[in-house]
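# Descriptive structure summary
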Amino acid sequence: MDKIYDVIILGAGPAGLAAGLYAGRARLSTLLIEKGKDGGQIAITDEIENYPGQIVEGESGPSLIERMTQQCEKFGVERVNDVINDVVLEGDVKKVMSAKAEYQAKTIIIATGAFARPIGCKGEKEFRGKGVSYCATCDANFFEDFEVYVVGGGDSAVEEAMYLTKFARKVTVIHRRDELRAAKSIQERAFKNEKLHFMWDTVVEELGGDGILSEMTVKNVKTGELTKIVADEDDGMFGVFGFIGTIPNSKIYEGKGLEMDERGYIPTDADMHTNIPGVFAAGDIRVKSLRQVVTAAADGAIAATQCEKYINEQ
């Protein structure tokens, strides 16, 4: 393909779509490449409550993303559904090699996101969004006065568990070891929280229920003993939150001159610049403290604005 775009955006989650909206509106020739459905992780979220300006009566991930997609279309963003095989990020003209074609651009916005590391038990996929979650900030409200279980033992798991105690009547941390990996200062606060309980040396084997999560089988890793946990009869369900880490979709950028941290996340400055001129990162793939739709959209807007500035300065 001979055409050189102003901007190629990799990924059509909230960051990529916001970047497309801003780039298209700035009259930059823009190509957005996505291998699957628009929306990323938010596309499988049944209910959203914390996105500013959403439909207050009820907003789902797909409904919010559909409007973002329509805004991109309105401002002339070209779309390709394709799988990226390789990239050339350095130089004045960036290249994206995919299953269908080779695309070129003056700038690239990497918005390929990250995904929650799965708990790794039977039934997990079937009950995602129906009792299984990976984001307390997103879903804590839905479990008000219910029992909740948190899988993990690191800083984020314990901090998220403490956050959940503001909503759930009881929160139990399930950890495969007999002590937490979280920082001592975090542990001290956790052990003082009366609503927080701990299930040591334990892993989740299987999740079950009739359409909604209501039972769970756990195993003691030292004795091998299996225990079945059933939801309170009055509740009819409980929640399981997995906090054993997230995995960035960044493997394809390895060895391309792009700086990444030890986990594969891309560090940027406040204006989304990576270490390579003309290459920007936005959304969950960035090194950042809060991964939410609202912060991803902000990242995308900044990245697109910086693409325009970069091009004008060349």
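Placed above this text is the structure.
Presented here is an overview of the structure given in this document. In this text the structure is predicted, and so the values were computed from the model without any measurement. What you see as residue numbers is a count from 1 along each chain, following the sequence as written. Given that this is a predicted model, residues contribute local features only at a pLDDT of at least 70 and side-chain atom pairs are listed and counted only at 80 or more, while totals for whole chains, interfaces and linings are drawn from all residues. Side-chain numbers here rest on the full set of heavy atoms in the structure, without hydrogens or water.

A word on the sheet that holds strand β10 (residues 170-174). Either a parallel or an antiparallel arrangement is found when strands of a sheet pair, and the pairing is made through backbone hydrogen bonds. Spatially, β8-β15-β9-β10-β11 is the arrangement adopted by the five strands of the open sheet, whose pairing is parallel. Each edge of the sheet is formed by a strand with only one pairing partner; in this case those strands are β8 (132-133) and β11 (196-199). Pairing between two strands is assigned when DSSP locates at least 2 bridges connecting them. Counting from the N terminus, the helices are the DSSP runs of H or I reaching at least four residues and the strands are the DSSP runs of E reaching at least two. Bridge count for β8 against strand β15 (residues 239-242) is two bridges, and the pairing is parallel. Across the sheet, Ser133 pairs through a bridge with Phe241, a residue of β15. Note on contacts: a residue pair qualifies if any of its non-hydrogen atoms lie within 4.5 Å across the two residues. Axis geometry follows a simple rule: fit a line to the C-alpha atoms, using only the stretch in contact for helices, then measure angles between N-to-C directions, giving values from 0 to 180 degrees. On the sheet, helix α4 (residues 155-164) packs against β9 (147-151), β10, β11 and β15 and is oriented at approximately 170 degrees with respect to β9.

We call a pair of cysteine sulfur atoms a disulfide when they lie within 2.5 Å. Summed over all chains, the structure comprises one disulfide. Among the cysteines around Cys72, which has no disulfide bond, Cys307 carries the closest sulfur, lying 14 Å off. Buried, partly exposed and exposed residues are distinguished by accessible area as a fraction of the type maximum, computed with a 1.4 Å probe on protein chains only: under 20%, between the cut-offs, and over 50%, respectively. Its relative accessible area of 1% is what places Cys72 among the buried residues.

With that settled, the discussion passes to the sheet that holds strand β13 (residues 215-220). Reading across from one edge, β12-β13-β14 is the order of the three strands in this open sheet, with antiparallel pairing throughout. The open sheet terminates on both sides in strands that have one partner only, identified here as β12 (202-208) and β14 (226-230). Strand-to-strand twist of the sheet, defined as the mean angle between neighbouring strand axes without regard to direction, takes the value 25 degrees. The pairing of β12 with β13 spans six bridges and is classified as antiparallel. Directly across from Val204, in β13, lies its bridge partner Val218.

Planes of paired rings set the category: under 30 degrees apart is stacked, over 60 is edge-to-face and the rest tilted, where pairs are Phe, Tyr or Trp rings (Trp by its six-membered ring) whose centres lie within 6.5 Å. Counted by the stated rule, this structure contains six aromatic pairs. Taken together, a centroid distance of 5.4 Å and an interplanar angle of 50 degrees make the contact between Tyr163 and Phe167 tilted. An aromatic cluster is present here, built from Phe143, Phe241 and Phe243 joined pairwise through their rings.

Here the focus is the pairing of β12. Where burial is concerned, most of β12 is hidden: five out of the seven residues are buried. Between β12 and β13, which pair antiparallel and follow one another directly, the connecting turn spans six residues, one of which, Gly209, has a positive phi of 150 degrees.

Of all the positions in α4, only Ala157, Val158, Ala161, Met162 and Leu164 are classed as buried. One face of α4 carries all of its buried residues, which in axial projection span an arc of 160 degrees. The inward-facing, buried residues of α4 abut α3 (136-139), β9, β10, α5 (184-192), β11 and β15. Directions drawn from the helix axis to the C-beta atoms are what define this arc.

Within the secondary structure layout, Tyr5 lies in strand β1 (residues 4-10). On a C-alpha basis, the gap between Tyr5 and Ala297 in space is 22 Å, while along the polypeptide they are 292 residues apart. Not counting chain neighbours up to four residues away, the residues in contact with Tyr5 comprise Ser29, Thr30, Leu31, Glu78, Gln104, Ala105 and Lys106.

This part takes up the pattern of salt bridges. One side-chain nitrogen of Lys or Arg within 4 Å of one carboxyl oxygen of Asp or Glu is enough to make a salt bridge. All chains considered together, the criterion is met by 13 salt bridges. Between Asp178 and Lys222 there is a salt bridge, with its nearest N and O atoms 3.5 Å apart. Placement of the pair is Asp178 in the loop between β10 and α5 and Lys222 in the loop between β13 and β14, with a sequence separation of 44 residues. For Asp178, a relative accessible area of 47% corresponds to the partly exposed category.

Looking at the secondary structure, you find Thr69 in helix α2 (residues 61-74). The contacts of Thr69, once residues within four sequence positions are left out, are Leu17, Asp38 and Arg79.

The geometry of helix α1 (residues 14-25) relative to helix α6 (residues 293-313) is characterised by a closest axis approach of 7 Å and an angle of 35 degrees between their N-to-C directions. Between α1 and α6 the crossing geometry is right-handed. Across from Pro14, Ala15, Ala18, Ala19, Tyr22 and Ala23 in α1, the residues of α6 making contact are Val293, Ala296, Ala297, Gly300, Ala301, Ala304 and Thr305. We call Asp, Glu, Lys and Arg charged. Ala, Val, Leu, Ile, Met, Phe, Trp, Tyr, Cys and Pro are nonpolar, and the rest, Gly among them, are polar. Per-class residue counts for the contact of α1 with α6 are eleven nonpolar, two polar and no charged. Handedness of a crossing is defined here by the sense of rotation of the near helix relative to the far one, left-handed for an anticlockwise turn of less than a right angle and right-handed for a clockwise turn.

Nothing here speaks to function; it is geometry throughout.
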